[in-house]
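# Fold and geometry: a report
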Amino acid sequence: SDGQVLTSTGAGSPPAFEALPAGGYTELGVAATSSGAASTISGIPAGVKTVLIIWNKISTGGAAEVNMQLGDSGGLETSGYLSNNHKHTTASGHYAQFNDTAHFGISQGGGGADPFATVMHLTRSASGVNDWVVTWIAYQSNEPAQTMGVGMKTLSGELTQIAVITNGTFDGGGWNAYYQ
């Protein structure tokens, strides 16, 4: 029937029709960053192995950090992050390194005239384990600057939510999350 494929059932036995395996990413949703200091996407189902996050023109009202936190059913976790990023500002050739433990430190500085475009990839280290490895590449348009980073976080339970946070106030843009 529609949506099935012919598969092998092993040497010497006849093939069988089976449903196509699920593939690709499922969209979790879009969240705005037009006000406040946090924007959260929740509803991540149990057993997810990867999450892809896209930031589109996220901006703040002034020079503020823009970061990310993970959470489980107990809420967003605010400690225990192992994260490091490297920022290179092309205008001055400045190169800086930042380490964070309260969140994944995506960018240090930036503002309303300096929106962020970012691609992040979260990967569970193994099935049934709540250890997550995160990599990202971010671009700030005004400086211009690029930030690359990597981090890891062990959650107390299954990943259920992700938040983009700032120590300022968001004033534009949004982000989207997909899982697999």
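Quick note: structure is the one above.
A short tour of the structure in this document, coming up. Computed from a predicted structure; not experimentally measured.

Reading the values: the criteria
Residues numbered from 1 in each chain as written. Predicted model: local features only at pLDDT ≥ 70, side-chain atom pairs only at ≥ 80, totals over all residues. Heavy atoms only, no water. Phe/Tyr/Trp six-rings, centres within 6.5 Å; stacked < 30°, edge-to-face > 60°. Helix = DSSP H or I, 4+ residues; strand = E, 2+ residues; numbered from the N terminus. Buried < 20%, exposed > 50% of the residue type's maximum accessible area, 1.4 Å probe, protein only. Lys NZ or Arg CZ within 6 Å of the ring centre and 35° of its normal.

### Focus: the packing of aromatic side chains
Taken as a whole and judged by the stated rule, the model has two aromatic pairs. Seen in terms of ring centroids, Y81 and F104 are 4.9 Å apart; in terms of plane orientation they differ by 85°. Their pairing is edge-to-face. A residue pair is termed long-range when its members are at least 10 positions apart, and Y81 in the loop between β7 (75-76) and β8 (82-89) and F104 in strand β10 (residues 104-107) qualify at 23 residues. The same class applies to Y81 and to F104, which are both buried. Arranged with centres 6.2 Å apart and planes meeting at 55°, the rings of F104 and W136 form a pair that is tilted. Separated by 32 residues along the polypeptide, F104 in strand β10 and W136 in strand β12 (residues 131-140) bring together distant segments of the chain. Each member of the pair, F104 as well as W136, is classed as buried. Here the aromatic residues Y81, F104 and W136 are joined through ring pairs into a cluster of three or more. Across from the ring centre of Y81, 5.1 Å away, lies the NZ or CZ of K153, which sits over that ring.

What is shown is where atoms sit, not what they do.
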